[in-house]
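For reference, the chains in residue letters:
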Amino acid sequence: MKRLSSVILIALLAVFLIPINTEAKTLSDLRKEVEEANADLENKNNQIAANDAEVAEIKKKIADIESQISEIESETGVLEQEIEESNNEIAEKSEQSKSLFQYLQVSEGENAYLEYIFGATDVTDMVYRMAIVEQLTEYNDKIMNELSQLVEENEQRKEELATKNKELEKLTDDLEAEQAKINAETAQIKDAMPSVEQQKKEGQKQIEYYENIGCGENENLNSCQKRYDAAHTSSGSSSIGGAGNIMPPSASGFYRPMVSGYVTQNWMNAGHLGIDLSNTNKTIEIYPIATGVVFAKYYDDYGALVLKIRHYVNGSYIYSTYAHLSAWYVNVGDIVTPDTVIGRMGNTGYSFGAHLHLELTTCDWHAGGGCTWSTYQRSTINPRQYIGLPSGLRVWWNGR
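A quick note: this is a predicted structure, and the numbers were derived from the prediction, not measured.

Caption draft 1: Region of interest: the overall build of the protein chain. The secondary structure content of the protein chain amounts to seven helices and 13 strands. Burial analysis of the protein chain (400 residues in total) assigns 44% to the buried set. Across the protein chain, every contact between residues at least 6 apart in sequence was considered, and the portion connecting residues at least 24 apart equals 70%. In the form shown here, the protein chain has an accessible surface area of approximately 20700 Å², with 51% of it arising from carbon and sulfur atoms.

Caption draft 2: Spatial organisation of the environment of Asp-64. Within the fold, Asp-64 resides in helix H2 (residues 27-104). C-alpha separation for the pair Asp-64 and Thr-172, spaced 108 residues apart in sequence, amounts to 9.9 Å.

Caption draft 3: The state of the cysteines, seen in detail. A complete count under the given rule lists two disulfides for this structure. Between the sulfur of Cys-215 and that of Cys-224 lies a disulfide, 1.9 Å long from S to S. Because the sign of the S-S torsion sets the handedness, a value of about -95° for the bond joining Cys-215 and Cys-224 places this disulfide among the left-handed ones. The residues Cys-215 and Cys-224 share a single accessibility class, namely buried. Here Cys-363 is linked by a disulfide to Cys-371, with a sulfur-sulfur distance of 2.2 Å. Its torsion about the S-S bond being 85°, the disulfide of Cys-363 and Cys-371 is classed as right-handed. Judged on exposure class, the residue Cys-363 and its partner Cys-371 are both buried. Sequence-ordered numbering of the bonded cysteines in the protein chain yields a pairing of 1-2, 3-4.

Caption draft 4: The arrangement of the pairing of strand S3 (residues 260-265) in detail. Note that S3 and strand S13 (residues 397-398) share two bridges and pair antiparallel. Following the sheet pairing, Gly-261 is matched in S13 by Trp-397. Inspection of the sheet shows S3 paired to strand S4 (residues 275-278) by three bridges, in the antiparallel sense. Note on S4: the bridge partner recorded for Gln-265 is Asp-276.

Caption draft 5: Structural view of the packing of aromatic side chains. Under the defined criterion, the tally for this structure stands at 10 aromatic pairs. With a centroid separation of 4.9 Å and 85° between ring planes, the pair formed by Tyr-209 and Tyr-210 is classed as edge-to-face. Residue classification places Tyr-209 among the buried positions, given a relative accessible area of 2%. Both rings, one in Tyr-312 and one in Tyr-317, keep their centres 5.6 Å apart while their planes meet at 55°; by these two values the pair is tilted. If you follow Arg-310 out to its NZ or CZ, it ends over the ring of Tyr-317, 5.0 Å from the centre.

Caption draft 6: The arrangement of the sheet that holds strand S6 (residues 292-299) in detail. Spatially, eight strands are ordered S10-S6-S7-S8-S12-S4-S3-S13 in an open sheet, and the strand pairing comes out antiparallel. Looking at the sheet topology across the chains shown, the edges are occupied by strand S10 (335-336) and S13. The pairing of S6 with strand S7 (residues 305-313) spans six bridges and is classified as antiparallel. Directly across from Tyr-298, in S7, lies its bridge partner Val-306. Along the sheet face, helix H6 (residues 221-232) touches S7 and strand S8 (316-325) and points at about 80° away from the line of S8.

Reading the values: rules and limits
- Residues numbered from 1 in each chain as written.
- Predicted model: local features only at pLDDT ≥ 70, side-chain atom pairs only at ≥ 80, totals over all residues.
- Heavy atoms only, no water.
- Helix = DSSP H or I, 4+ residues; strand = E, 2+ residues; numbered from the N terminus.
- Buried < 20%, exposed > 50% of the residue type's maximum accessible area, 1.4 Å probe, protein only.
- Contact = heavy atoms within 4.5 Å.
- Areas by Shrake-Rupley, 256 points an atom, 1.4 Å probe, with all protein chains shown as cover.
- Disulfide = S-S within 2.5 Å.
- Pairing = 2+ DSSP bridges.
- Phe/Tyr/Trp six-rings, centres within 6.5 Å; stacked < 30°, edge-to-face > 60°.
- Lys NZ or Arg CZ within 6 Å of the ring centre and 35° of its normal.
- Axes fitted to C-alpha atoms, helices over the stretch in contact; angles between N-to-C directions.

Next up, the structure:
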C-alpha cells in the first residue's frame, strides 16, 4: 500500500466528519421517487417532442422562404435582361433619331429639310413628305419614351425585389436563430441526462432489484443492502442484478486515481457533476480512489467506457465513477484496492481530449444504487472532500 500524503491524511480524518447518505430511504420511498422521476421524464419527452415539432415547422417555413428567394432571384434575372435589352433598343433608336436629325439639320447654308420638302413634285407630294418627317420624329420620340419608362419601372421593381429579398433573408436568419435556440434547449435536456428510455428502464430495475434481495416496503435500503451483501460475501458473487453484491471492505483511506496529473475542470463548474483530471501520458493507468467492489461497467449513450465502484465508508455506501476510459481491466463484483489497476485514461464518448472524469456520489442510478438519475445528480460530492488535489487548474501533482 502506497504511503498517503499529508494532504490525504487530512482528508482521511475528514471522512468521519462528513455525513454519508444520511437520508433513510425505504423501498416505498424509492417507488415514489421512481414514479415522480418517470412523470418528470414524460414532461421532458413531451418538451423534446414539442421542440422537434416546432423545429420541423421552422424548417418548413425556411424552405418556403428559400423558394420565394429563388423566385425573386429568377425574376430579378429576367428584369435585368429586359433592362439590358431596353437600354440597347434605346441606344439604337437614339442613333436612328440622331441620323434623322442630322438629315434635317441645316448644313453648309442649305436647309436639307427645305430641300426635301421643296423637292416635291406637287403639293400632295410636299404634304406627304412633311408628314413622313414629322411621323418619323414623333415615332422615335414615342418609342424612346416608352423604353425609358420600361427601364424605370424595371429598375423600381428590382429595388422592390432587393428589399423583399433582404426581408426574407432576415426572416430566414431569425428563424434559423430560433431553430438553433430550440435545438440547444433540446440538446441541454438530452445532454444533461441519459436517455429517457434508459432512465425508465433503470428505475424499474431499481425497484425489482430491492424486491429480489428481500427488502421490506418500509425497510431502510442501506440496511437491507448491507444485510444482503454480508450474507453473500462468502460466495464471492451474486445472481442479483450484477451490481457487485459483495460486502466491500471498509475504505481505510482515499487516494488520487493517478500517480501524477493535474485538474482540468472542477466539480460543479457549469453543472459539471465530477472533476476532470488529465496527464501528458494520455493512457496513464487509473486506480480506485479507495477499496471497494466494482459496481457497474458499461458504455454510456455516447460510447464512453465507464466503471463504477461501491465503497463502504463509516457505515454507508458511496460510489465512485471513472469515465472516458480507453481500457478497463476489472469486472463487476471484483474487489479492488487503491493498488488495483482498473483501466487506463482515454478519450471515449463525449470527450474533447484524453482525461478522467471522476464522480463521487452517495447513491447511483443503476440497479442497486438506490436512486433515480435526478436524485443521483443531487447526490454528487466534491471529490476534493476526500482526495487531496491541487486547488488550482493545471497544477501538477506527483504521488498518490
